[in-house]
Amino acid sequence: MGKGFFNTPTAVNEPIKSYAPGSPERASIQKTYKELYDQHANIPLYIGSEEVETGNTLPVNPPHDHQHEVGKYHLANESQVKDAIQAALKAKKDWAELPWEQRAAVFLKAADLISGPYRDKINAATMIGQSKTVHQAEIDSACELCDFLRFNVRYMHEIYQEQPASVDNEWNRMEHRPLEGFVYAITPFNFTAIAGNLPSAPAIMGNVAVWKPSDSQMLSAQVIMEVFKEAGVPDGVINMINGDPEMITDTCVNHPDFAGIHFTGSTNVFKGIWQKIGNNIHNYKSYPRIVGETGGKDYIMAHGSADPQVVATALLRGAFEYQGQKCSAASRSYIAKSIWPEVKERLVKDTKSIKMGSTGDLENFMSAVIHERSFDKLEKYINQAKDDKEAEIIVGGNFDKSKGYFVEPTVIETTNPKYETMVTELFGPVLTVYVYDDDKFEETLHLVDETSEYGLTGSIISTDRNAASLATKVLQNSAGNFYINDKCTGSVVGRQPFGGARGSGTNDKAGSKFNLLRWSSPRAIKETFVPATDYGYPHMEK
Ligand code: NAD
């Protein structure tokens, strides 16, 4: 145990670099991008101290240049997944017994490695492997991942500090034990920061993890493992396993030592896993913690008092940054009729000016969508809108997958507020707008609330305080992250803890104390100084 009451460094958000022409960071990222683009990465499984090459591989291709190969990753079989579980369980005792400040130091070092020597590499890997522009990569893989690591260390400290009351003759203490068993982390393609956070948040609380990254995030996943290794995460504490999602998941959730799942991804996948966990409930040694952040159908609601320029900018940024592939992306919008002509004019004009292409060209604002499955799905919905009478494409609507999976930023105007693209999560650069009568504001708020199964993010844009207040009230359960006079994306660790309810997840707020508490099994210890020596009570006296 530490001989002192240590403090942890104050967590502050990692400053965002601009990559403007002439800046040193621009030259540096361009050099690293080129190096990674011309290399051929070999991405193994990370099991305990071993980097396992199974020989059964799949290629890694940039979505914006899908014929180009930048590496390959090795796929696990069932026995290797079991090896990863064993490696985690073997590392468990030493990791759990390590004083908390040693654990903290490991992850603070990881943050500093990302902020410094690994910044270009993790950003370039995200730009190439997930087709993020340099700004989108910077705010995700560099800044947000640093923030998750530093703030979670801070939150761990605060959780440990919070102690119960004691009275005369007793001292009450609370200790936070890691869960018995291992935590299984499954991560999505769209945020490198989430990929790093889901296995490390439980590990910060003293747990061991088996991590399955997305097939579409393998290049930056490897950089995360390199950082963890260099930071001193002991062998076996975080094991990375790639391959068939169902087989890996079944192997993990069928294991009696499965202690919890930390998932981010789509709603149906999460529901399927939850069901499997339920079916196995009699096989576990404890009740597994189930934490999942899932899909969204996020909205921007504009009141008649809103500035049309503010609305148009929020729509464009909210809907099209990272090709609309943020769980928080604006994909349905409700605009008051009185301001729609001006909003429309500006939105169409700005959307037409968007430059789209390779992320290696820093002038681009957008790039390709993640894979062919996503491209084909978006093509289907856009073509359907071209045919439907109740929908009109007011800008965009074209696509081309000859070199990369490019889908033009597209705005659909619909006369049906329950039109399919107002309801279904498409996860691409497609925004649907419904124009409502100004005097039906309150009615439309109820429509917003009732239209989708999700409850992740949403925003109200209004200069009328009463309207903003009414929206805040009526839309209370429609979003776990609600914005007033802003777009519905761009939450920052430590400032807007992130997560939604309804079909959007368990709302355990990534990058917050609420999340970390899920990875702790608290033990209350009562010590009595002068224990009783007689079983009787005063009321028993004659
Ligand atoms: P996805 O559900 O396809 O994949 C997520 C992870 O689950 C991947 O690692 C994948 O390999 C794995 N997986 C897929 N099928 C599986 C199965 N049958 N069994 C077990 N695992 C399986 O999601 P995606 O396309 O990577 O990410 C996009 C989705 O994630 C969107 O729905 C988005 O809204 C959601 N998302 C939510 C948040 C949030 O905080 N709420 C954040 C990011 C992404």
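Everything below is about the structure shown above.
Values in this document were obtained by computation on a predicted structure and should not be read as measured data. (Residues numbered from 1 in each chain as written. Predicted model: local features only at pLDDT ≥ 70, side-chain atom pairs only at ≥ 80, totals over all residues. Heavy atoms only, no water.)

Caption draft 1: Just helix 11 (residues 340-352), in detail. Here helix 11 is 13 residues long and its end C-alpha atoms lie 18 Å apart, about the 18 Å a rise of 1.5 Å per residue gives. Listing the buried residues of helix 11 in full gives Trp340, Val343, Leu347, Val348, Asp350 and Thr351. Next to the buried residues of helix 11 lie helix 10 (308-320), strand 13 (330-336), strand 14 (391-395), strand 17 (410-414) and strand 18 (430-436). (Helix = DSSP H or I, 4+ residues; strand = E, 2+ residues; numbered from the N terminus. Expected span 1.5 Å × (residues − 1). Buried < 20%, exposed > 50% of the residue type's maximum accessible area, 1.4 Å probe, protein only. Contact = heavy atoms within 4.5 Å.)

Caption draft 2: Region of the structure containing the pattern of salt bridges. Under the defined criterion, the tally for this structure stands at 30 salt bridges. Residue Lys121 pairs with Glu226 through a salt bridge whose shortest N-O separation is 2.8 Å. In this pair, Lys121 sits in helix 4 (residues 119-129) while Glu226 sits in helix 7 (residues 218-231), placing the two residues 105 residues apart along the sequence. A relative accessible area of 29% places Lys121 in the partly exposed class. Among the residues examined, Glu226 registers a relative accessible area of 22% and is labelled partly exposed. A salt bridge links Asp235 to Lys229; its shortest N-O distance comes to 3.2 Å. Each of Glu14, Asp112, Arg119, Glu138 and Arg150 takes part in a single network of salt bridges with overlapping partners. (Salt bridge = Lys/Arg side-chain N within 4 Å of Asp/Glu carboxyl O.)

Caption draft 3: Representation of the side chain of Thr432. Tracing the chain through its elements places Thr432 in strand 18. Apart from residues lying up to four places away in sequence, Thr432 is in contact with Ser331, Arg332, Ser333, Ile412, Thr414, Thr421 and Met422.

Caption draft 4: Just the site of the ligand, in detail. Near the ligand lie 27 residues; those nearest to it are Thr187, Lys212, Ser266, Thr294 and Glu425. Contacts to the ligand include Gly265, whose backbone N or O atom sits 3.3 Å from an oxygen atom. Thr294 is positioned such that a nitrogen or oxygen atom in its backbone is 2.7 Å from a nitrogen atom of the ligand. Contributing elements (two or more residues each) for the shell around the ligand: helix 8 (245-253), strand 10 (258-264) and helix 9 (267-279). (Near = heavy atom within 4 Å. Polar contact = N/O pair within 3.5 Å; in protein donor to acceptor, adjacent residues only side chain to side chain.)

Caption draft 5: A look at the sheet that holds strand 21 (residues 481-484). As summarised here, the arrangement of the seven strands in space is 14-17-18-13-12-20-21, forming an open sheet in which the pairing is mixed. Edge positions in the open sheet fall to strand 14 and strand 21, since each of these has one partner strand only. Pairwise comparison of adjacent strand axes, ignoring direction, gives a mean angle of 20° for this sheet. Of the strands in this sheet, strand 12 (298-302), strand 13, strand 18 and strand 20 (457-461) are in contact with helix 14 (residues 441-451), which crosses strand 13 at around 165°. (Pairing = 2+ DSSP bridges. Axes fitted to C-alpha atoms, helices over the stretch in contact; angles between N-to-C directions.)

Caption draft 6: Region of interest: the environment of Trp519. With respect to the helices, strands and loops of the structure, Trp519 is situated in the loop between helix 16 (513-517) and strand 23 (520-528). Along the primary structure Trp519 and Leu45 are separated by 474 residues, whereas in three dimensions their C-alpha atoms are 24 Å apart.

Caption draft 7: The arrangement of the packing of aromatic side chains in detail. Per the stated rule, a full pass over the model turns up 15 aromatic pairs. The interplanar angle of 55° and the centroid separation of 6.3 Å between the aromatic rings of Phe375 and Tyr405 together place this pair among those described as tilted. Here Tyr405 lies in the loop between strand 15 (399-400) and strand 16 (406-407) and Phe375 lies in helix 12 (residues 372-387), a separation of 30 residues in the sequence. Using a relative accessible area of 12% as the deciding quantity, one classes Tyr405 as buried. Ring pairing ties together the aromatic residues Trp95, Phe107 and Phe228, which thus form one cluster. Directly above the aromatic system of Phe191 lies the positively charged group of Lys132, at a separation of 3.9 Å from the ring centroid. Seen from the ring of Tyr381, Lys380 lies directly overhead, with NZ or CZ sitting 4.5 Å from the centre. (Phe/Tyr/Trp six-rings, centres within 6.5 Å; stacked < 30°, edge-to-face > 60°. Lys NZ or Arg CZ within 6 Å of the ring centre and 35° of its normal.)

Caption draft 8: A nonpolar patch on the surface, seen in detail. There is a patch of nonpolar side chains on the surface, built from Trp171, Phe529 and Val530 and spanning about 350 Å² of accessible area. With respect to the helices and strands, the residue Val530 is situated in the segment after strand 23. (Patch = residues over 30% accessible without salt bridge, like charges linked within 9 Å, V, L, I, M, F, W, Y side chains within 5 Å. Areas by Shrake-Rupley, 256 points an atom, 1.4 Å probe, with all protein chains shown as cover.)

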